[in-house]
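Single-letter residue listing:
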Amino acid sequence: MVRGKTEMKRIENATSRQVTFSKRRNGLLKKAFELSVLCDVEIALIVFSSRGKLYEFSSSSIQSTIARYGERSREDTRKSIMEQDVQVQEQDVQQGKMEADCLLKKIELLETSKKQLLGEELESCSLDELHDIQGVYLKLNLHSFQVASLLKENESLREQSKLLPQLPTGAFKEVTPCPSYPNVSTHGDHNDVETELRIGFPGRGSHGVAV
């Protein structure tokens with residue numbers, strides 16, 4: 001009788017699940033033992049049941065196999081990091097080469113444009129390119145002419161400014177102070193004014209008191 005294919009999903013019936021676990025666990029341990037003997041390989045097998053019970057098999061020692069696995073795992077991690085670093089460096093080098101090639105192409109284009117503006121290497125240019133080159137050339141000549149005109153005009157203005165009449169040195173005279181009033185004497189920074197106070201009617205011999 002042909003045995004049907006078992007569907008890979010959790011067995012819902014607890015009894016059937018336990019029976020299947022026992023059968024397949026024993027078969028797995030047996031296969032691990034046979035593989036270690038027949039092929040002379042180091043095997044460590046650890047199984048925990050759904051209830052937490054431990055089943056294990058090792059061709060030498062569980063602890064030594066786990067330690068060996070940890071060391072190899074760290075080596076693989078370091079190797080992976082180094083490979084990633086190398087890849088990053090290679091990518092940086094490739095990026096640098098691409099940027100350098102781009103700059104060289106730009107320099108070549110600039111050199112070609114410069115020669116074409118000077119009237120060189122025009123044989124390979126199309127009519128449209130020649131028309132564009134002519135337009136750029138005319139703009140440059142116009143700009144140069146405008147700059148030369150401004151410089152010439154500036155120099156002319158300087159020469160004209162030298163011909164303007166100069167003001168005489170005596171154009172600005174010192175302002176003399178106002179004449180002092182009578183009976184005012186000056187002593188240093190203070191001015192003293194002489195005053196006289198008279199008491200009585202005018203013309204009747206009033207007595208004057210000088211203040």
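Residues numbered from 1 in each chain as written. Predicted model: local features only at pLDDT ≥ 70, side-chain atom pairs only at ≥ 80, totals over all residues. Heavy atoms only, no water.

1. A word on the side chain of Ser49
Part 1: Locating Ser49 in the fold gives a position in the loop between strand 1 (44-48) and strand 2 (54-58).
Part 2: When its relative accessible area of 15% is taken as the criterion, Ser49 is described as buried.
Part 3: Those residues within four positions of Ser49 in sequence are excluded, and the remaining contacts are Phe21 and Tyr55. (Helix = DSSP H or I, 4+ residues; strand = E, 2+ residues; numbered from the N terminus. Buried < 20%, exposed > 50% of the residue type's maximum accessible area, 1.4 Å probe, protein only. Contact = heavy atoms within 4.5 Å.)

2. A look at the pairing of strand 1
Part 1: The side-chain alternation of strand 1 yields one buried face, formed by Leu45 and Val47, and one unburied face, formed by Ala44, Ile46 and Phe48.
Part 2: Sheet analysis places strand 1 next to strand 2, joined by five bridges and oriented antiparallel. The residue bridging Ile46 from the neighbouring strand is Glu56, located in strand 2.
Part 3: Counted between consecutive antiparallel strands, the loop separating strand 1 from strand 2 contains five residues, among which Gly52 sits at a positive phi close to 90°. (Pairing = 2+ DSSP bridges.)

3. Let's talk about the pattern of salt bridges
Part 1: Scanning the entire structure with this criterion turns up five salt bridges.
Part 2: Among the ionic pairs, Arg10 bridges to Glu12, the shortest N-O distance being 3.3 Å. Side by side, Arg10 and Glu12 carry an identical accessibility label, which is exposed.
Part 3: Close ionic contact of Arg68 with Glu42 constitutes a salt bridge, the shortest N to O distance being 2.3 Å. Pair noted here: Arg68 is in helix 2 (residues 62-117) and Glu42 is in the loop between helix 1 (14-39) and strand 1, with a separation of 26 residues, a long-range link.
Part 4: According to the relative accessible area criterion, Arg68 is exposed, its value standing at 55%. (Salt bridge = Lys/Arg side-chain N within 4 Å of Asp/Glu carboxyl O.)

4. Considering the side chain of Ser36
Part 1: Position of Ser36 among the secondary structure elements: in helix 1.
Part 2: Residue classification places Ser36 among the buried positions, given a relative accessible area of 9%.
Part 3: Leaving out residues up to four positions away in the same chain, Ser36 has contacts with Val41, Ile43, Phe57 and Ser59.

Interpretation in functional terms is not warranted from these geometric data alone.
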